[in-house]
Amino acid sequence: MNPQISPSILAADFARLADEAAAVAGVADWLHVDVMDGHFVPNLTIGLPVVASLRKHTPLPLDCHLMIADPDRWAPEYAAAGARNVTIHAEAATAPVRTLRMIRAAGARAGLAVNPGTPVEPYADLLPEVDMLLVMTVEPGFGGQPFLDLVLPKVRRARELISRHGGEVWLQVDGGVGDETIGRCAEAGADVFVAGTAVFGAQDPAAAVQRRRSVAAAAAGGPGDGSGHG
Ligand code: DX5
Ligand code: ZN
């Protein structure tokens, strides 16, 4: 699969979300929406009403990353609100299989995320329930943090687990992904790249998306242009 870029609106101007989304609309593959509840992570961002509003103002599919304490309760509602992908955290879900199935039943892709300190191997048996595995490359909660190199071996192991499983599961990385780190992530096997600061902190967010995609594609050994949908 060609690399896909999911710009995170956490680094955008929250008072101008529709404009910020429009700045990457023709070039990004997704819009990454970081939902934080002040419990699972020490930060509070946006929730269902904003997702429902954004849905009406951007053609980009919404990639909702739920950093919340009770994803079992809320994840299906994000799918119902129009999210195209809903990712829950393995550390927070008490019934991940049921919740992942409910996300799919509501018409969205189902994502499962692991924090830097959480091993991926215990979730190998869940891969048939998952459309995307998210390996966090920072501790979740804030944008603009430095990339954690120590997670790269886990990205490789996650790619191996996916290959062994044989199904089509995307492998996303999130946190500190920019010019300097995206190539290493692609080389380790990631194919969906969240970038907050590296896109919305740039003068030209659309050009920043294109540049990241080319670097990722070159590192993965594929073509660097096109929509990213392979
Ligand atoms: C962190 C969030 C990320 C964040 C990434 O908890 O999940 O999506 O926006 O931001 P950057 O790319 O600035 O590290
Ligand atoms: Zn995120």
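Higher on the page you've got the structure.
Residues numbered from 1 in each chain as written. Chains lettered and ligands numbered in written order. Predicted model: local features only at pLDDT ≥ 70, side-chain atom pairs only at ≥ 80, totals over all residues. Heavy atoms only, no water.

**Q** How would you sum up the layout of surface pockets? Please name residues and give values.
**A** Its boundaries defined by the atoms lining it, the largest pocket holds a volume of some 250 Å³. Along the wall of the largest pocket there are 25 residues; nearest its centre are Gly 143, Gly 144, Asp 174, Gly 175 and Gly 176. Contributions of two or more residues to the lining of the largest pocket are made by β2 (31-36), β3 (62-67), β8 (192-195) and α7 (197-200). Of the residues that constitute the lining of the largest pocket, the class distribution is 12 nonpolar, 11 polar and 2 charged. (1 Å grid on protein atoms, 1.4 Å probe; cavity = no way out; pocket = protein on both sides within 12 Å on 5 of 7 lines; lining within 4 Å. Points joined across faces, edges and corners; volume = space filled by probe spheres on them. Helix = DSSP H or I, 4+ residues; strand = E, 2+ residues; numbered from the N terminus. Nonpolar A, V, L, I, M, F, W, Y, C, P; charged D, E, K, R; others polar.)

**Q** Help me get a handle on the site of ligand 1, residues and values and all.
**A** Close contacts around ligand 1 come from 20 residues, with Asp 34, Gly 141, Asp 174, Gly 176 and Thr 197 the closest. A distance of 2.7 Å separates an oxygen atom of ligand 1 from a polar atom in the backbone of Gly 141. Gly 196 is positioned with one of its backbone polar atoms (N or O) 2.8 Å from an oxygen atom of ligand 1. Of all the cavities here, the one that holds ligand 1 is the largest pocket. Of all the secondary structure elements, the ones that give two or more residues to the shell around ligand 1 are β2, β3 and β8. Among the elements that make up the shell around ligand 1, the one with the highest residue count is β2 (3 residues). Broken down by class, the residue content of the shell around ligand 1 amounts to 8 nonpolar, 10 polar and 2 charged. (Near = heavy atom within 4 Å. Polar contact = N/O pair within 3.5 Å; in protein donor to acceptor, adjacent residues only side chain to side chain. Sits in = over half its atoms within 2 Å of the grid points.)

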